[in-house]
Each structure stands twice: as C-alpha cells, then as structure tokens.
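# Geometric and topological summary
As a plain string of letters, each chain reads:
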Amino acid sequence: MRGLRRAALAALILAAALPGGARAGEPAEQLSAQVHEALGVLNDASLDPAARRQELRRIAEGILDVEEISRRSLGRHWDERTPAERAEFTQAFASLLERAYIAKIQTYTGERVAVLGDTVEGERATVKTRIVTRQATEIPVEYRMLRRGDRWRAYDIVIDGISLVANYRVQFDKVIKRTSYQQLVRQVRDKQ
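Quick caveat: nothing in here was measured; it's all calculated off a predicted structure.

Another point: the overall build of the protein chain. Scanning the protein chain from N- to C-terminus turns up eight helices and five strands. A burial count over the protein chain gives 45% of its 192 residues as buried. Excluding contacts between residues fewer than 6 apart, the proportion of contacts in the protein chain whose partners are at least 24 apart in sequence is 57%.

Set out below in structure tokens:
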C-alpha cells in the first residue's frame, strides 16, 4: 500500500495549498474552497487533535467520492459483489482512506501548488495542478472528478502519472486472486 501513502501525501499537500485566486472553472473552484477550509482547520490552534481530525474528516468526505473510488478500485470484482458486500467494502475502504488522508494532511509544511486549470466534459472533469516542493521539485497532480448533484467530487487522484485507483486495483486484484475477496476486506480493515 506504498502507493496510497505517496498519493495521500501528495493529495494532502495539494489539499492544503491550493491558491484561492487561480483562474479555473467550477470543479477547481469547489476543490479550492474545500482546501482553504482544511487549511483553516490546520491553522486553528484552538482545536484539540480529536476535533481537528473530525473537521478534516468532514472536509475529506466532501472532496472524495469514496463509493466511486471503491467501485473503481475493485474493478471487475465490484460487479461480483452483493449490495451488502459493496457497502461493507466501501465503509472499510473509506476508513482506510480517511485515516491515511488525515494523517498525511497534518504533515503539510507549506509546499506551493499551482492550479493549471480544469477540463470539463459533461459530468466529468479533470483539475490539473502542480505541487512545488521546498526543493523546487515539481509534481503534477490531477484530480479526476464527477459531478454529484451540484458538487464535484474526486474519484481518482493521479500523481506524477500514477493513478491512486489503478494502484489499488492492481493490489486488490492480486489479493483476491491469491486468496479471496473476504481476505481482502480483512486486510483493508487491518490497515486501519
């Protein structure tokens, strides 16, 4: 699950650093607003650690479409699951993603991010950004998003050409083929 850690760190750095004045469309603007809210939580010295984590979790739920990430990460195995199994997996995977996301966002140290813009095609959008580290290394990050009502939510994050969803899909497929779907669910829960 190394890919998750790298993806979560880069996504969280991005989430903490999007500039408010970037010229972009609705998906980038919504993402930017949520990110600025997360920054406010991170910088609020009056919050105790438990309250900070709760607020960051709430914000992450608004950014990530966990059910869609779960569906895409399981790939063809999703169709083989019952509605109850899908709900169980989504809940376990959401906990894993939230814990990783919140743990990594707290490591933000002021990295800069440029929002390069977004591309909207119907109900899908891609928000392109670039993280600039303190060592001046540039890391391209794309948020792939779906419109859900009046909100845009991320169903994948691509960091330096590596898809979070594709990375999980390969790992999950290997576990299911080697052992079973039930073992995968146990492993996802154990990672929490």
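We now examine the packing of aromatic side chains. Within this structure, the stated rule accounts for six aromatic pairs. Ring geometry for Phe89 and Phe172: centres 5.6 Å apart, planes at 90°, overall edge-to-face. Here the residue Phe89 occupies a position in helix H6 (residues 83-105), and Phe172 occupies one in helix H7 (residues 164-178), the gap between them amounting to 83 residues. For Phe89, a relative accessible area of 0% translates into the label buried.

Quick look at the pairing of strand S4 (residues 151-159) now. Counting buried residues along S4, seven of its nine residues qualify, which places the element largely inside the surrounding structure. As paired elements, strand S3 (residues 138-148) and S4 share eight bridges and run antiparallel to each other. Along S4, the bridge assignment pairs Leu146 with Arg153. As consecutive antiparallel partners, S3 and S4 are separated by two residues, and within that stretch Gly149 has a phi angle of approximately 70°, a positive value. Relative to strand S5 (residues 162-163), S4 runs antiparallel, the two sharing two bridges. The residue bridging Ile159 from the neighbouring strand is Ile162, located in S5. Here S4 folds back onto S5, and the loop between the two strands holds two residues, one of which, Asp160, carries a positive phi near 50°.

How each quantity is defined
Residues numbered from 1 in each chain as written. Predicted model: local features only at pLDDT ≥ 70, side-chain atom pairs only at ≥ 80, totals over all residues. Heavy atoms only, no water. Helix = DSSP H or I, 4+ residues; strand = E, 2+ residues; numbered from the N terminus. Buried < 20%, exposed > 50% of the residue type's maximum accessible area, 1.4 Å probe, protein only. Contact = heavy atoms within 4.5 Å. Phe/Tyr/Trp six-rings, centres within 6.5 Å; stacked < 30°, edge-to-face > 60°. Pairing = 2+ DSSP bridges.

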